[in-house]
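Observations on the model geometry
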Amino acid sequence: MSERAIASEPPERSGASGSPRATAQGGSGDEVPRHRLDLALETKGLRKQFGDLVAVDGIDLAVPGGSFYGFLGPNGAGKSTTIKCLTGLLQPSGGSCRILGIDPLADPVAVKRKVGVVPEDLALFDRLSGAETLAFVGQVHGLDAASVRQRSSELLTLMDLNGAASDLVTDYSHGMRKKLALAAALLPAPRLLFLDEPFEGIDAVASRQIKNLLTAFVRNGGTIFLTSHILEIVERLCDHIGVIHKGRLVAQGRLADLRRNVAAGHTLEELFLDLIGAERAAAPALEWLGR
Amino acid sequence: MIRALRALSWLRWRLLLNSLRGGQRRDRLEQISRALAFAIPAILIALSIGSVVGLTVIGFLGGRALATGLLDSTLAMMILRIALLLLAATIVVMAVVSPVQSSVSRYSRLLLLPISRRTLHLTEVAASLADPWILIIAVGLLAFATGLAAGGWPGTAGMALVAAAALLLVLACLGSLIGFAIAWLVRSRRRGEWFTLIFVIGISVLAVVPAMIGKRIEDQGRIRVQFGDEQPAGVRRPRTPIAERFDRWMPGWTIGLPSELYAASIRGAVAGDRALVGGALGGLLLEALVLFTISSAVHARLIGSVESNRSRRRSALTGTAGRLLPMLGPAASAVAFAQVRTALRTVRGRLGVLLPGPMIAVLVFLFGQIGESPAWLEAIGSRGYYLLAAGGIFAMYSLQAFTMNMFATDRAGFTLQLLSPLSEAELARGKVAGCGIVIAAALVLCLIGALAVAPGGSPLLWLSALLGLAATYLLLSPAAVWLSALFPVSADLSKTGSGGNPHGLSMLVGTVLVVACAAPPALILIGAEHWLHRGALAFPLMAVWTLFAAAIAHPLVSLASRAIGQRRENLALVAQGK
């Protein structure tokens with residue numbers, strides 16, 4: 001399935017070179033096009049291959065700065081692999097990438113100073129306490145001890161982890177780990193957050209807290225790149241979405257535009273199923289079941 | 001039942017094969033690394049084939065010699081009893097550190113399948129019959145029975161076979177029982193940590209028991225000569241046969257040991273004493289039944305227990321926030337402190353730090369009690385700084401789980417470091433510093449232990465020993481970074497078994513390198529004191545050597561850290577346990 005052209009896509013893709021967002025000043029040739037600065041994340045032909053298996057097949061992502069971008073796809077579509085490529089955990093097999101205007105392959109440390117990540121495995125030391133984890137992250141980001149203490153205290157309170165701040169992470173429940181991982185990602189005040197399934201295994205109260213926090217983060221100018229299986233959450237939170245299927249980007253753009261152009265009046269679930277062609281796949285009847 | 005046994009046998013086989021194959025998402029080097037990880041145990045197995053063949057020949061010849069009268073029966077039986085006792089002890093030790101612990105995780109899955117708990121238990125006990133040590137005993141006993149038959153004692157041979165089967169049954173049940181009990185113990189992290197600590201220290205102390213027993217036997221003989229049946233001068237007292245002395249030494253309760261019961265049944269068969277044969281065989285079967293029943297109960301408890309990682313300890317809040325280590329930036333310091341904390345909160349880390357010092361002191365003390373020790377051991381034991389150096393080397397070896405696998409031991413924590421704004425050099429330096437602090441903690445205990453046992457000697461020689469150890473670690477560190485990046489292994493450091501070990505190749509190379517890097521400082525210390533007879537000269541020479549080691553190590557660690565970048569993807573996958 002080819003990627004569907006969406007009206008609100010970045011100008012170079014939709015061919016609107018005369019758009020007011022096309023260039024910054026229209027001056028000399030080596031100036032960075034203005035729309036590029038507006039994009040918090042941009043990939044060109046990003047590809048990741050494991051032996052014969054093509055997990056990510058030349059995707060062109062365009063995530064506008066200040067957007068809440070939902071990255072959707074069925075299991076095994078390549079969502080987590082894409083995030084791992086973008087955050088440096090995996091080496092892309094091909095293509096290019098710019099995060100906040102920086103090439104992460106050329107200067108990975110500079111990118112990491114500006115982004116926060118909650119990866120699939122949460123990336124926490126089992127044998128550090130919650131407070132020590134945040135202290136580690138703060139020190140690695142070069143924050144002074146007073147700032148680390150203040151930010152840690154606020155984040156732990158917000159995440160309702162104050163009572164467990166001195167417990168080892170190994171003693172945390174899954175939900176507590178997830179909240180701690182989010183706190184660790186937020187502590188250095190990043191400009192872009194990568195969140196891989198942040199709401200999986202989270203109770204309703206914590207989920208509400210995290211949603212409020214993330215919404216406030218975007219309202220203050222931050223950008224979020226989120227993967228989730230929970231379409232209701234994506235529908236409620238995200239203003240932009242990208243849909244990946246079998247390693248290919250099958251749609252991308254503003255959620256409202258996608259709905260209008262692809263599946264007018266449909267829910268996100270219907271739109272999603274339509275985009276990945278799930279309805280067309282004939283499921284076996286399993287007539288032996290329930291006999 | 002048969003279907004379930006077949007399915008479980010197939011499961012074991014597939015798990016073994018698939019672990020060899022690895023995932024599709026691994027590159028060539030990782031595949032080679034995995035193959036190498038299996039090659040080293042394979043080499044050990046190949047080497048053990050020699051022992052199996054040897055044991056078979058000895059068993060056959062022993063049986064034949066016994067039947068044909070070439071060998072004194074009491075002496076033959078003593079050799080058999082000692083061999084069986086040692087092998088049974090090995091089975092007990094192996095059961096403690098062995099596979100049942102690592103296979104516990106699959107119980108929860110198996111319990112969801114329509115397999116009864118009894119079948120599961122029976123499968124585990126039956127599987128332990130395939131334990132290499134039990135197989136070795138089985139082969140030896142079979143050869144012994146064959147030898148008896150070849151020597152013209154077919155009736156005794158038949159009895160030996162029955163007794164061998166009963167003995168193997170007892171050993172299989174015993175091994176399973178211990179394995180289940182240990183697996184149950186380590187289901188709780190805290191319980192497991194205590195058990196491991198006590199076990200390892202206990203085993204270390206037990207290692208010197210044979211030497212102490214030897215001394216006891218000697219002392220008894222000496223006392224008897226001095227105060228008892230003294231012989232007139234010139235009259236040579238006939239020596240007590242060794243078999244008799246062994247019998248006298250063995251405490252009464254050992255008659256119930258499986259190896260002793262087996263020997264009694266053979267003795268009875270040789271002497272035509274049916275009562276003895278019946279009693280011994282009955283004893284073996286009764287033991288097997290009791291052990292099977294207990295192991296069934298423990299197994300039921302094991303699979304009904306819930307895994308607990310709870311820790312009662314509450315750690316300090318942010319004790320080291322913002323603190324810097326000398327010559328390291330904030331990021332590398334943070335990595336070092338995280339390394340120290342995580343290492344000291346694992347069983348392997350605690351053992352590595354706590355064990356060398358006290359063990360060196362205890363061993364020197366115990367060998368002192370034995371009396372006559374080798375000259376080199378006496379030399380080390382009388383000079384504390386040599387003890388300190390030996391303890392330091394031992395600490396470096398016992399902490400290889402961290403130094404030779406410094407990235408993968410953090411597991412998911414390493415992903416956090418990969419996601420952090422850290423350069424590869426900062427990461428490597430932080431790790432080297434962290435492991436260095438952990439080794440230094442072990443050295444403090446070695447220093448206390450050495451001072452307690454042999455406090456003498458010039459302070460300069462003590463300082464030289466410390467500097468020499470620092471130089472050894474500095475020289476080792478680039479190789480440690482390089483090997484850790486190239487051959488990472490997902491390790492569980494909450495266990496002392498092979499699950500927490502670094503890659504076999506890293507361990508092997510690391511062991512050789514520790515010795516090689518320690519050789520120059522050892523030569524400086526020994527050379528200055530013994531060859532030049534100017535102990536004070538050791539300190540300046542060692543200082544120069546340490547500076548030289550530091551000057552070499554710094555650029556080499558930076559160079560080795562490039563391997564992190566090249567292997568970043570693989571390291572991330574290993575950190576995720578893939």
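Observations concerning the overall build of chain B
Looking only at helices and strands, chain B has 25 helices and zero strands in total. When each of the 578 residues of chain B is scored for burial, the buried share is 46%.

Observations concerning the overall build of chain A
Along the backbone of chain A there are eleven helices and ten strands. Residue burial in chain A is summarised as follows: out of 291 residues, 46% are buried. A separation of at least 24 residues holds for 67% of the contacts in chain A among residues at least 6 apart in sequence.

So, the packing of helix 21 (residues 424-453) of chain B against helix 24 (residues 538-566) of chain B
Residue and element names in this part refer to chain B. Viewed as axis vectors pointing N to C, helix 21 and helix 24 meet at an angle of 115°, and their least axial separation amounts to 8 Å. Taken together, the axis directions place helix 21 and helix 24 in an arrangement best described as roughly perpendicular. The crossing of helix 21 and helix 24 is right-handed. Contact with helix 21, carried on its side by Glu-424, Ala-425, Leu-427, Ala-428, Arg-429 and Val-432, involves Val-557, Ser-558, Ala-560, Ser-561, Arg-562, Ile-564 and Gly-565 of helix 24 and no other residues of that element. A breakdown of the residues in the contact of helix 21 with helix 24 according to their chemical character gives seven nonpolar, three polar and three charged.

Quick word on the interface of chain A and chain B
If you look at the interface, chain A gives 43 residues, while chain B gives 36 residues. Among the secondary structure elements, those contributing two or more residues to the side of chain A that touches chain B are helix 4 (108-114), helix 5 (130-140) and helix 6 (145-158) of chain A. Of all the elements, helix 5 of chain A adds the most residues to the side of chain A that touches chain B, at eight residues. Of the residues contributing to the side of chain A that touches chain B, the split by class is 21 nonpolar, twelve polar and ten charged.

Some thoughts on the environment of Glu-287 of chain A
With respect to the helices, strands and loops of the structure, Glu-287 of chain A is situated in the segment after helix 11 (268-276). On the neighbour-count criterion, Glu-287 of chain A (7 C-beta atoms within 10 Å) is exposed.

Focus on the pairing of strand 9 (residues 240-245) of chain A
Two faces, one strand: in a regular strand the side chains alternate between the faces of the sheet. Residue and element names in this part refer to chain A. The element strand 9 is extensively covered by neighbouring structure, given that six of its six residues are classed as buried. Covered by surrounding structure in strand 9 are His-240, Gly-242 and Ile-244 together with Ile-241, Val-243 and His-245, the residues of both alternating faces. Where strand 4 (residues 68-72) and strand 9 come together, four bridges link them in parallel fashion. Counted as the bridge partner of Phe-71 is Gly-242 from strand 9. In terms of strand pairing, strand 9 meets strand 10 (residues 248-254) through six bridges, oriented antiparallel. Looking at strand 10, one finds that His-245 is bridged to Arg-248. Linking two consecutive strands that pair antiparallel, namely strand 9 and strand 10, is a turn of two residues; a positive phi of about 50° is found at Lys-246 within it.

Looking at unusual backbone geometry
Both trends apply: most residues other than glycine have a negative phi, and most peptide bonds are in trans. One non-glycine residue, Leu-122 of chain A, adopts positive backbone phi at about 70°. Its place among the elements puts Leu-122 of chain A in the loop between strand 6 (115-118) and helix 5. Residue His-533 of chain B is not a glycine yet carries a positive backbone phi of 55°. Here His-533 of chain B is to be found in the loop between helix 23 (504-531) and helix 24. A count of 8 C-beta atoms within 10 Å places His-533 of chain B in the exposed class.

Observations concerning the environment of Val-298 of chain B
All names here are of chain B. Structurally, Val-298 is set in helix 13 (residues 274-304). A tally of 20 C-beta atoms within 10 Å means that Val-298 is categorised as buried. Sequence spacing of Val-298 and Tyr-385 is 87 residues, and the spatial spacing of their C-alpha atoms is 48 Å. Discounting chain neighbours no more than four positions away, the residues touching Val-298 are Leu-177, Phe-180, Ala-181 and Trp-184.

Quick look at the packing of helix 5 of chain A against helix 7 (residues 174-186) of chain A
All names here are of chain A. At a closest axis distance of 9 Å, the pairing of helix 5 and helix 7 adopts a crossing angle of 25°. Here helix 7 runs roughly parallel to helix 5, going by the angle between their axes. Like other packed secondary-structure pairs, helix 5 and helix 7 cross with a definite hand, here right-handed. On helix 7, the residues touching Gly-130, Thr-133, Leu-134 and Val-137 of helix 5 are Leu-180, Ala-183 and Ala-184.

Observations regarding helix 22 (residues 459-486) of chain B
Working note: α-helix, 3.6 residues per turn, so residues spaced by three or four point in the same direction. The end-to-end C-alpha separation of helix 22 of chain B is 41 Å, in line with the 40 Å expected for 28 residues at 1.5 Å each. Roughly 35° is the biggest bend found in helix 22 of chain B, and it falls at Ser-477 of chain B, with proline Pro-478 of chain B one to four residues downstream.

Section: helix 12 (residues 258-271) of chain B
All names here are of chain B. Between the first and last C-alpha of helix 12 there are 20 Å, a value that for 14 residues agrees with the 20 Å anticipated at 1.5 Å per step. Counting buried positions along helix 12 yields eleven of 14 residues, so the element is predominantly enclosed. Considered for burial, the residues of helix 12 that qualify are Pro-258, Ser-259, Leu-261, Tyr-262, Ala-263, Ala-264, Ser-265, Ile-266, Gly-268, Ala-269 and Val-270. Positive phi appears at Gly-272, one or two residues downstream of helix 12, with a value of about 70°.

Focus on the confidence of the model for chain B
Model confidence for chain B is summarised by a mean pLDDT of 80, while 77% of its residues fall at 70 or above. Predicted as a complex, the structure gets a pTM of 0.72 and an ipTM equal to 0.75.

Considerations on the environment of Leu-180 of chain A
Residue and element names in this part refer to chain A. Position of Leu-180 relative to the elements: it lies in helix 7. Residue class for Leu-180 comes out buried when judged on the 27 C-beta atoms lying within 10 Å of it. Separated by 25 residues in sequence, Leu-180 and Leu-155 have C-alpha atoms that sit 8.7 Å apart. Not counting residues up to four positions away in its chain, the partners in contact with Leu-180 are Leu-124, Gly-130, Thr-133, Leu-161, Val-169 and Tyr-172.

Details of the confidence of the model for chain A
Counting all residues, the mean pLDDT for chain A is 82, and 84% of those residues have values of 70 or more. Predicted confidence for residues 1-37 of chain A stays below pLDDT 50, and this span has 53 contacts to residues more than four positions away or in other chains.

What to know about the sheet that holds strand 9 of chain A
Residue and element names in this part refer to chain A. Strand order in the open sheet formed by six strands is 6-7-8-4-9-10, and the pairing between neighbours is mixed. Each having just a single partner strand, strand 6 and strand 10 make up the two edges of the open sheet. Strand-to-strand twist across the sheet, computed as the mean angle between neighbouring axes with direction ignored, equals 15°. One ladder, built from four bridges, connects strand 4 with strand 8 (residues 223-227); its direction is parallel.

Observations regarding the nonpolar core
Ranked by internal contacts, the top residues of the largest apolar core, which has 183 residues, are Ala-183 and Phe-225 of chain A together with Val-438 and Ala-442 of chain B. In terms of residue count, helix 22 of chain B provides more of this core than any other element does, 18 residues in total. Apart from the residues within four sequence positions on either side, Ala-442 of chain B is in contact with Gly-352, Val-353, Pro-356, Gly-357, Ala-395 and Leu-399 of chain B. Membership of the second largest hydrophobic core comes to 60 residues, among which are Trp-133, Ala-164, Leu-169 and Leu-302 of chain B.

Rules of the game
Residues numbered from 1 in each chain as written. Chains lettered and ligands numbered in written order. Predicted model: local features only at pLDDT ≥ 70, side-chain atom pairs only at ≥ 80, totals over all residues. Helix = DSSP H or I, 4+ residues; strand = E, 2+ residues; numbered from the N terminus. Buried ≥ 20, exposed ≤ 12 C-beta atoms within 10 Å, placed from the backbone. Contact = placed C-beta atoms within 7 Å. Axes fitted to C-alpha atoms, helices over the stretch in contact; angles between N-to-C directions. Parallel < 35°, antiparallel > 145°, perpendicular 65-115°, else oblique. Left-handed = near helix turned anticlockwise from the far one by under 90°. Nonpolar A, V, L, I, M, F, W, Y, C, P; charged D, E, K, R; others polar. Pairing = 2+ DSSP bridges. Expected span 1.5 Å × (residues − 1). Bend = angle between axes of the 7 residues up to and from the residue. pLDDT = per-residue confidence, 0-100. Core = buried A, V, L, I, M, F, W, Y, C linked by C-beta atoms within 7 Å.

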